Amino acid sequence: DLRLSIRRQRQMCIRDRNKKQGDPSFNLGIIAVRTTDGVIVSASNIEGYVTKRGHIWHTWKVRWFCMEDGVISYFKDKSKTDLRGTFILHHDTQCLTQSEAPLSDASHFQNILQLRRQVSPDNELIFSLDSRRTMQLWLQEIVCYIQKIRRMQIYSSSMIDNTEPSAANDVH
């Protein structure tokens, strides 16, 4: 079941890449998958209950998380009526696991992911997932989106470099 979900996530990344290259196979329908952990995964979208660490008081609270098109939003509950915060994924977002960035106040939590931007490390999102499998699903979706942003940035910067004449070459 986990291998199927991860394989489906990889297929989504490949379809995103193929869409950029004009591959018609991208238009195939993508089916949403609900895991036994209650996590809902579809194309560039994942949601489910997550335990989040507060950024000021460092208290841990359960929130309903949704990632849609590179924006991670969290709500008080599944109804999505009470937005509590957002975290936007950028090309410089680092996604660290508990083994890569251990936290002193999280000894009783497992399966921790820490998101932070390299340009502003104070802007971070730390959350714990109920199982390793759920953590892998979230990690796969987040990393896939960050890689997509990086590819788009490289592509757009190469387009700018190739199409805009430099001011130094403009001699009248």
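Every value quoted in this text rests on a predicted model; they were computed, and no experiment measured them.

Across the nine residues that make up strand S3 (residues 45–53), a large majority, eight, are buried. Sheet analysis places S3 next to strand S4 (residues 60–68), joined by nine bridges and oriented antiparallel. Note on S4: the bridge partner recorded for Lys52 is Lys61. The antiparallel pairing of S3 with S4 creates a hairpin that spans six residues between the two strands, and His58 there sits at a positive phi of about 60°.

A few words on the nonpolar core. Membership of the largest hydrophobic core comes to 21 residues, with the highest contact counts inside it found for Ile72, Leu89, Leu115, Phe127, Trp138 and Ile142. Elements that contribute at least two residues to this core include exactly S3, S4, strand S5 (71–75), strand S8 (112–117), strand S9 (124–128) and helix H2 (132–163). Residue contributions to this core peak at seven residues, all from H2. Of all hydrophobic cores here, the second largest spans five residues; its members include Trp60, Leu103, Phe109 and Ile112.

Looking at the chain, the pLDDT average stands at 74 and 62% of residues meet or exceed 70. Considering only residues more than four positions removed or in separate chains, one finds that residues 17–32, a stretch of pLDDT under 50, has 18 contacts. Contacts for the low-pLDDT stretch residues 165–172, under 50 throughout, to residues beyond four places or in other chains number one contact.

Basis of the calculations
- Residues numbered from 1 in each chain as written.
- Predicted model: local features only at pLDDT ≥ 70, side-chain atom pairs only at ≥ 80, totals over all residues.
- Heavy atoms only, no water.
- Buried < 20%, exposed > 50% of the residue type's maximum accessible area, 1.4 Å probe, protein only.
- Helix = DSSP H or I, 4+ residues; strand = E, 2+ residues; numbered from the N terminus.
- Pairing = 2+ DSSP bridges.
- Core = buried A, V, L, I, M, F, W, Y, C linked by side-chain atoms within 4.5 Å.
- pLDDT = per-residue confidence, 0-100.
- Contact = heavy atoms within 4.5 Å.

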